[in-house]
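# Residue-level structure breakdown
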There are 2 protein chains.
Amino acid sequence: MHPPAVILSRPQLGENIGAAARAMKNFGLSDLRLVSPRDDWPNEKATAMATGALDIVERARVFDDLRSALADLNWVYATTGRARGVTKPVLTPSAAGERLRQASLLGEKCGILFGNERSGLDNDEVSLADAVITVPTAEFSSLNLAQAVLLIGYESFRAGNPTRPVRLDHGPLARKATRQELFLFFDHLESELVRAGFLYPPDMKPPMIRNLRALFNRAELTDQEVRTLRGVIAALVKGKRWPAED
Amino acid sequence: MHPPAVILSRPQLGENIGAAARAMKNFGLSDLRLVSPRDDWPNEKATAMATGALDIVERARVFDDLRSALADLNWVYATTGRARGVTKPVLTPSAAGERLRQASLLGEKCGILFGNERSGLDNDEVSLADAVITVPTAEFSSLNLAQAVLLIGYESFRAGNPTRPVRLDHGPLARKATRQELFLFFDHLESELVRAGFLYPPDMKPPMIRNLRALFNRAELTDQEVRTLRGVIAALVKGKRWPAED
C-alpha cells in the first residue's frame with residue numbers, strides 16, 4: 001500500500017518546502033516530489049525548517065516538468081482554492097481522503113498536486129489531474145502551502161485510521177468499573193443518605209436515587225474512581241468530628 | 001448560533017497568536033480569548049502576522065486566569081497531543097466537530113482550549129474541560145499552535161458545511177448535457193465509425209458501442225463539451241484533406 005505522493009509544482013521558498021515535509025510526516029506521507037523549484041536544491045532553508053522530517057526532504061525527488069513527476073501515478077488530485085473555468089469533479093478533502101485510501105488499498109499509486117505559493121496551480125497544470133480538491137472555508141480563505149498539505153494529509157490519514165471517535169482514556173492501571181463495584185457504591189451512598197435524612201420524603205426516594213445513579217453512570221467510572229468516591233462518602237460522614245474529636 | 005470560542009492559555013509568541021487568528025478566520029471562528037499571554041498585549045507581531053484576520057486580533061479578550069476565560073461556556077474541549085493521567089473522554093477532531101455543531105445549534109456556548117507552544121496544557125488546565133480532543137497522527141507528531149487551531153477549526157466548520165463531497169464544477173454558462181444531446185452525439189459517432197469500417201466485425205459492434213457510450217457517460221459531459229466532441233468527429237472525418245485539398 002502506497003500512501004499518496006505530494007507533488008509541489010514550482011515551489012518558491014525552501015522554508016515552505018520544509019514546512020510541507022513536516023506536515024506530511026504527521027500523517028505518514030513520505031514521497032515528496034518537487035517540480036522546478038525556484039531556488040537551488042538541496043536547500044538549506046528547507047533542511048532547517050524540516051526538523052524531524054529531514055528524511056523526507058533528503059529523499060525528495062526533483063523533476064524538470066510536471067508530466068514526468070506524475071508519470072507513474074494512477075490517480076492525481078489537484079488542490080485549488082477556487083473554482084476554475086474547466087469542468088472537473090471537485091472533491092472535499094474528506095471525499096478525496098476516502099478515494100485515496102480506496103485506491104491505495106487496490107495498489108494504485110496516487111498523488112496530490114499543490115501549486116506554488118504565489119499563484120497556485122495554473123489551468124494547464126490542473127488539466128493533467130483527474131479531479132480537483134478544494135477545502136471548504138468561510139468567506140476568508142488564506143491557507144498557506146504547508147497548511148494545505150496538512151489538511152489534505154490529515155484527511156488521507158483519517159480515512160484509514162481506526163481511532164475510535166470517542167474513547168475513554170485511562171492509564172493502564174485503571175479499568176472501567178464492573179456493575180458489581182458500581183452496585184456496592186450505589187448501596188453505600190444510598191444507605192448513608194438515608195441515615196443522613198437526605199432521601200426524604202419517602203416518596204421522593206426512588207426518583208432521587210435514580211437521578212444520582214444516572215449521574216454516576218454517565219461519568220463512566222473506573223474501578224479506582226469508585227474506590228475514591230467511597231472514600232469521599234466515608235470521609236464526609238465522619239468528617240464533622242475532625243480534627244477536634246478524632 | 002455561536003461558533004466556538006478559541007482560548008489560548010499562556011501563549012508565548014505574538015506571531016503564533018496572529019497565525020492562530022488567521023487559521024480561525026478560514027473557518028468562521030471569531031471569538032479569541034488569551035489567558036495570561038507572556039508578552040505585552042496588544043502585540044505588534046500578532047498584528048503583523050494576522051493580515052486579513054486583524055479584526056479577530058483586535059477584538060481578542062485577555063484574561064488573568066483560565067477559569068474566568070471559560071466561565072460563560074457550557075462546553076469546553078481541551079486539545080492535547082498525547083494521553084494524560086486523568087480519565088477523560090478523548091474525541092477525534094471530527095467527533096468533536098459534530099458535538100460542537102450540535103451544541104451550538106442548541107444555543108449552548110462552546111470553547112476549544114489550546115495550551116502554550118512549549119508545553120501544551122498542564123493537567124490542572126485539562127481538569128477544567130469536559131473532554132479532550134487529540135488529533136490522530138502517525139508516529140511523528142509535531143503540530144504547531146496555529147496548525148492545531150487550523151485542524152480543529154476545519155472540523156468544526158466541516159460539521160455544519162453543506163458542500164457536496166463530490167460535485168461537477170463548470171462555469172455558469174455550461175450545464176450537464178441532456179440525454180437527447182448525448183443520444184445525438186452517440187448516433188453521430190457511431191455512424192461515422194461504421195462508415196470508417198471501425199465497428200467491424202459486425203458481431204463486435206454492439207459491445208464496442210456500449211463501451212464507448214460508457215466511457216462518455218462516465219465523463220458526465222456538459223452541453224458545450226458534447227458540441228466540442230461533435231466538432232472533433234467532423235474534423236477528424238474530413239481532416240485528411242487539410243490543408244492540401246481544402
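In this convention, every chain numbers its residues from 1, walking through the sequence in written order. As they are written, the chains are lettered A onward and the ligands numbered 1 onward, keeping that order. Per-residue local features of the predicted model are confined to residues with pLDDT of at least 70, and side-chain atom pairs are confined, for both listing and counting, to 80 or more; whole-chain, interface and lining totals are unaffected and use all residues. Neither water nor hydrogens contribute to the side-chain values; these are computed over all heavy atoms in the structure.

## Observations regarding the nonpolar core
Take the buried residues of types Ala, Val, Leu, Ile, Met, Phe, Trp, Tyr and Cys, join any two whose side-chain atoms come within 4.5 Å, and each joined set is a nonpolar core. Classification of residues uses two cut-offs on accessible area relative to the type maximum, computed with a 1.4 Å probe and protein chains only: under 20% is buried, over 50% is exposed, and between them is partly exposed. Leu8 and Leu32 of chain A together with Leu8 and Leu32 of chain B are the most contacted members of the largest nonpolar core, which has 76 residues in total. Excluding residues that lie within four positions of it along the chain, leucine 8 of chain B makes contacts with Ile17, Ala20, Leu32, Arg33, Leu34, Val35, Phe114, Leu145 and Val149 of chain B. For this analysis, residues touch if any pair of their heavy atoms sits within 4.5 Å.

## Describing the relation of the copies chain A and chain B
Between chain A and chain B, the superposition needs a rotation of 180° and an axial shift of 0.0 Å, giving an RMSD of 0.0 Å. Taken together, the rotation and translation relating the two chain copies correspond to the operation of a two-fold axis. Looking at chain A, 100% of its interface residues are interface residues in chain B too, so the copies touch through the same face. When the copies are superposed, the least-squares fit draws on C-alpha atoms of residues that have pLDDT of at least 70 in both.

## Here's the deal with the pairing of strand β2 (residues 32-35) of chain A
Residue and element names in this part refer to chain A. Each helix corresponds to a stretch of at least 4 residues labelled H or I by DSSP, and each strand to a stretch of at least 2 residues labelled E; elements are numbered beginning at the N terminus. What you see with β2 is no split at all: Leu32 and Leu34 on one side and Arg33 and Val35 on the other are buried throughout. At least two bridges found by DSSP between two strands are what make those strands a pair. In terms of strand pairing, strand β1 (residues 5-9) meets β2 through 4 bridges, oriented parallel. When the sheet's bridge partners are listed, isoleucine 7 is paired in β2 with arginine 33. Whether a crossover is right-handed depends on one test, that the path from the first strand over the helix to the second runs clockwise when the strands point away from the viewer. Traced from β1 through helix α1 (residues 14-26) to β2, the parallel crossover comes out right-handed. Sheet topology note: the β2/strand β3 (residues 61-63) ladder contains 3 bridges and is parallel. Among the inter-strand pairings, leucine 34 is bridged to a residue of β3, identified as valine 62.

## Points about the pairing of strand β5 (residues 88-91) of chain B
As paired strands, strand β8 (residues 166-169) of chain A and β5 of chain B are joined by 4 bridges and run antiparallel to one another. When the bridges of β5 of chain B are listed, valine 166 of chain A appears paired with leucine 91 of chain B.

## Quick word on the sheet that holds strand β6 (residues 110-114) of chain A
Pairing is mixed across the open sheet formed by 8 strands, whose spatial order is β3(A)-β2(A)-β1(A)-β6(A)-β4(A)-β7(A)-β5(A)-β8(B). Two strands close off the open sheet at either side, each with one partner strand: β3 of chain A together with β8 (166-169) of chain B. In this sheet, adjacent strand axes meet at a mean angle of 30° when their direction is disregarded. Judged from the 2 bridges that link them, strand β5 (residues 88-91) of chain A and strand β7 (residues 131-133) of chain A form a sheet pairing that is parallel. Bridge pairing links leucine 91 of chain A to isoleucine 133 of chain A in β7 of chain A. Strands in contact with α1 of chain A are β1 and β2 of chain A; relative to β2 of chain A, the strand with the most contacts, it is inclined by about 155°. Angles run from 0 to 180 degrees between N-to-C directions of axes, and those axes are lines fitted to C-alpha atoms, restricted for helices to the stretch in contact. Contacting β4 (75-79), β5, β6 and β7 of chain A together with β8 of chain B, helix α5 (residues 93-105) of chain A crosses the sheet at an angle of about 105° to β5 of chain A.

## Re the sheet that holds strand β3 (residues 61-63) of chain B
With respect to topology, 8 strands assemble into an open sheet ordered β8(A)-β5(B)-β7(B)-β4(B)-β6(B)-β1(B)-β2(B)-β3(B), the strand pairing being mixed. Every interior strand has two partners, whereas the edge strands, β8 of chain A together with β3 of chain B, have only one. Strand-to-strand twist of the sheet, defined as the mean angle between neighbouring strand axes without regard to direction, takes the value 30°. In this structure, strand β1 (residues 5-9) of chain B lies alongside strand β6 (residues 110-114) of chain B, joined through 4 bridges in parallel fashion. Bridge pairing in β6 of chain B places leucine 8 of chain B opposite phenylalanine 114 of chain B. Across the sheet, helix α5 (residues 93-105) of chain B lies against β8 of chain A together with β4 (75-79), β5, β6 and β7 (131-133) of chain B, angled at about 105° from β5 of chain B, the strand it touches most.

## Side note on the packing of aromatic side chains
Stacked, tilted and edge-to-face pairs are distinguished by plane angle, under 30 degrees for stacked and over 60 for edge-to-face with tilted covering the rest, among Phe, Tyr and Trp rings (Trp via its six-membered ring) whose centres lie within 6.5 Å. Under the criterion given, the structure shown has 9 aromatic pairs over all chains. Ring centres of tyrosine 154 of chain A and tyrosine 154 of chain B lie 6.4 Å apart, and the angle between their planes is 90°; this geometry places the pair in the edge-to-face category. Within this pair, whereas tyrosine 154 of chain A is found in helix α7 (residues 145-159), its partner tyrosine 154 of chain B is found in helix α7 (residues 145-159), the two belonging to separate chains. In this structure, tyrosine 154 of chain A and tyrosine 154 of chain B share a single accessibility class: buried. Both rings, one in phenylalanine 185 of chain A and one in phenylalanine 186 of chain A, keep their centres 5.9 Å apart while their planes meet at 45°; by these two values the pair is tilted. What links up through ring pairs into an aromatic cluster is the set Phe27, Tyr154 and Phe157 of chain A together with Phe27, Tyr154 and Phe157 of chain B. Just above the ring of phenylalanine 140 of chain B sits the side chain of lysine 25 of chain A; from NZ or CZ to the centre is 5.5 Å. Charges are assigned to positions over rings by a cutoff of 6 Å between ring centre and Lys NZ or Arg CZ, combined with an angular limit of 35 degrees from the ring normal.

## Some points on the confidence of the model for chain A
As a per-residue measure, pLDDT reflects the predictor's confidence and takes values from 0 up to 100. This prediction gives chain A a mean pLDDT of 93; 96% of its residues lie at or above 70. Across the whole predicted complex the pTM is 0.90, and at the interface the ipTM reaches 0.90.

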